[in-house]
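Read off the chains here:
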Amino acid sequence: AQSVTQLGSHVSVSEGALVLLRCNYSSSVPPYLFWYVQYPNQGLQLLLKYTTGATLVKGINGFEAEFKKSETSFHLTKPSAHMSDAAEYFCAVSPGGGSNYKLTFGKGTLLTVNP
Amino acid sequence: DAGVIQSPRHEVTEMGQEVTLRCKPISGHDYLFWYRQTMMRGLELLIYFNNNVPIDDSGMPEDRFSAKMPNASFSTLKIQPSEPRDSAVYFCASSLSTSGYTFGSGTRLTVV
């Protein structure tokens, strides 16, 4: 079974500041990990994913995340926040390498960017 | 590619009425998922299909909910009879293997 915990339902940063959104996962098998972004009244859009290989993955809009197996974490970062980054962000996990591609999502973190 | 297409975008119905939500996945994708999103419960997986076959429907809340996928390009989620607590945004998503899901824009359902 898989589960995801996103620490902090709401994160507020100033424009230009570092963005750090935390995600910890639990998985009985090696996981695949994902970050999605949701803008108001829209569906979820894939930001980045980790399946195998390099543990630091880069995504769209300058975001990146690092898979740390020892910490069971997959935190999302961006060096400098932009007003357009304001949205809700979801971390998700699925069992890796098998035939079950069912994603389990965290509760989401709402990112506010202040001018 | 037009992406995952859901219809309608908004649906307002009276309690007790039947509601049908529709989804057209991305051509070639072999997985299709139905999720429900509410403030209280977040994103909940209702059911998913692989090659048009239902694989896991353990998230379907009650017998009032049913889903079908008659072919690779179409799926429906039906609620009969609808209740106010079914009010939510329902998302359809499709995927190919480990590529990650592509979500539709959702159907906002309001049951009054």
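Residues numbered from 1 in each chain as written. Chains lettered and ligands numbered in written order. Predicted model: local features only at pLDDT ≥ 70, side-chain atom pairs only at ≥ 80, totals over all residues. Heavy atoms only, no water.

Side note on the overall build of chain B
Consideration 1: Within chain B, the regular secondary structure consists of zero helices and eleven strands.
Consideration 2: When the helices and strands of chain B are read in sequence order from the N terminus, they spell out β-β-β-β-β-β-β-β-β-β-β.
Consideration 3: If one aligns the C-alpha atoms of chain B with their principal axes, the spans along those axes are about 40 × 25 × 25 Å.
Consideration 4: Across the 112 residues of chain B, 49% fall into the buried class. (Helix = DSSP H or I, 4+ residues; strand = E, 2+ residues; numbered from the N terminus. Buried < 20%, exposed > 50% of the residue type's maximum accessible area, 1.4 Å probe, protein only.)

Topic: the overall build of chain A
Consideration 1: Broken down by element type, chain A carries zero helices and eleven strands.
Consideration 2: Reading the secondary structure of chain A in the N-to-C direction produces β-β-β-β-β-β-β-β-β-β-β.
Consideration 3: The C-alpha atoms of chain A give a radius of gyration of 14 Å, which matches the 13 Å a tight globule of 115 residues would have.
Consideration 4: C-alpha extents for chain A along the principal axes are approximately 45 × 30 × 20 Å.
Consideration 5: Expressed as a percentage of the 115 residues in chain A, the buried residues total 43%.
Consideration 6: Residue pairs in contact within chain A that sit at least 24 positions apart in sequence constitute 57% of those at least 6 positions apart. (Rg over C-alpha atoms; globule rule 2.2 N^0.38 Å. Contact = heavy atoms within 4.5 Å.)

Quick look at the interface of chain A and chain B
Consideration 1: Residue-level contacts link 19 residues of chain A with 21 residues of chain B.
Consideration 2: Summed over both sides, the interface of chain A with chain B buries roughly 1600 Å², with 54% coming from carbon and sulfur.
Consideration 3: The three residues of chain A that bury the most area against chain B are Leu-44, Tyr-101 and Lys-102 of chain A, which together make up 34% of that side's buried surface.
Consideration 4: Where chain A touches chain B, the interface holds zero salt bridges.
Consideration 5: For the pair chain A and chain B, the interface holds six residue pairs in polar contact (both at pLDDT 80 or more).
Consideration 6: Elements that contribute at least two residues to the side of chain A that touches chain B include exactly β4 (31-38) and β5 (44-50) of chain A. (Buried area = accessible area lost by both parts, 1.4 Å probe. Salt bridge = Lys/Arg side-chain N within 4 Å of Asp/Glu carboxyl O. Polar contact = N/O pair within 3.5 Å; in protein donor to acceptor, adjacent residues only side chain to side chain.)

Concerning the packing of aromatic side chains
Consideration 1: Enumeration according to the criterion identifies 16 aromatic pairs over all chains in this entry.
Consideration 2: Taken together, a centroid distance of 6.0 Å and an interplanar angle of 35 degrees make the contact between Tyr-25 of chain A and Phe-67 of chain A tilted. With Tyr-25 of chain A in strand β3 (residues 19-27) and Phe-67 of chain A in strand β7 (residues 64-68), the pair connects residues that are 42 residues apart, well separated along the chain. Judged on exposure class, the residue Tyr-25 of chain A and its partner Phe-67 of chain A are both buried.
Consideration 3: Taken together, a centroid distance of 5.7 Å and an interplanar angle of 55 degrees make the contact between Tyr-36 of chain A and Phe-105 of chain A tilted. With a gap of 69 residues between them, Tyr-36 of chain A in strand β4 and Phe-105 of chain A in strand β10 (residues 104-105) connect regions that are remote in the sequence. For the pair shown, Tyr-36 of chain A and Phe-105 of chain A are each scored as buried.
Consideration 4: A connected cluster of aromatic rings, assembled from ring pairs, spans Phe-34, Tyr-36 and Phe-105 of chain A together with Tyr-31, Phe-33, Tyr-35, Tyr-48, Phe-91, Tyr-101 and Phe-103 of chain B. (Phe/Tyr/Trp six-rings, centres within 6.5 Å; stacked < 30°, edge-to-face > 60°.)

Some thoughts on the side chain of Ser-95 of chain B
Consideration 1: Assignment of secondary structure puts Ser-95 of chain B in strand β9 (residues 88-95).
Consideration 2: Relative accessible area serves as the criterion here: at 1%, Ser-95 of chain B is assigned to the buried category.

Quick notes on the pairing of strand β1 (residues 2-7) of chain A
Residue and element names in this part refer to chain A.
Consideration 1: In β1, alternate side chains face the same way, and those of Gln-2, Val-4 and Gln-6 are buried while those of Ser-3, Thr-5 and Leu-7 on the opposite face are not.
Consideration 2: The pairing of β1 with β3 spans six bridges and is antiparallel. Following the sheet pairing, Ser-3 is matched in β3 by Ser-26. (Pairing = 2+ DSSP bridges.)

Notes on the nonpolar core
Consideration 1: One finds Trp-35, Leu-48, Phe-74, Leu-76 and Tyr-89 of chain A to be the most contacted residues of the largest nonpolar core, which totals 26 residues.
Consideration 2: At the level of secondary structure, the elements contributing two or more residues to this core comprise β2 (10-14), β3, β4, β5, β7, β8 (73-78), β9 (87-95) and β11 (109-114) of chain A.
Consideration 3: Setting aside its immediate chain neighbours within four residues, Phe-74 of chain A contacts Cys-23, Leu-33, Phe-34, Trp-35, Leu-48, Tyr-50, Val-57, Ala-65, Glu-66 and Phe-67 of chain A.
Consideration 4: Listed in part, the 21 residues of the second largest apolar core include Ala-67, Tyr-90, Cys-92 and Leu-109 of chain B. (Core = buried A, V, L, I, M, F, W, Y, C linked by side-chain atoms within 4.5 Å.)

Keep in mind these values describe shape, not function.
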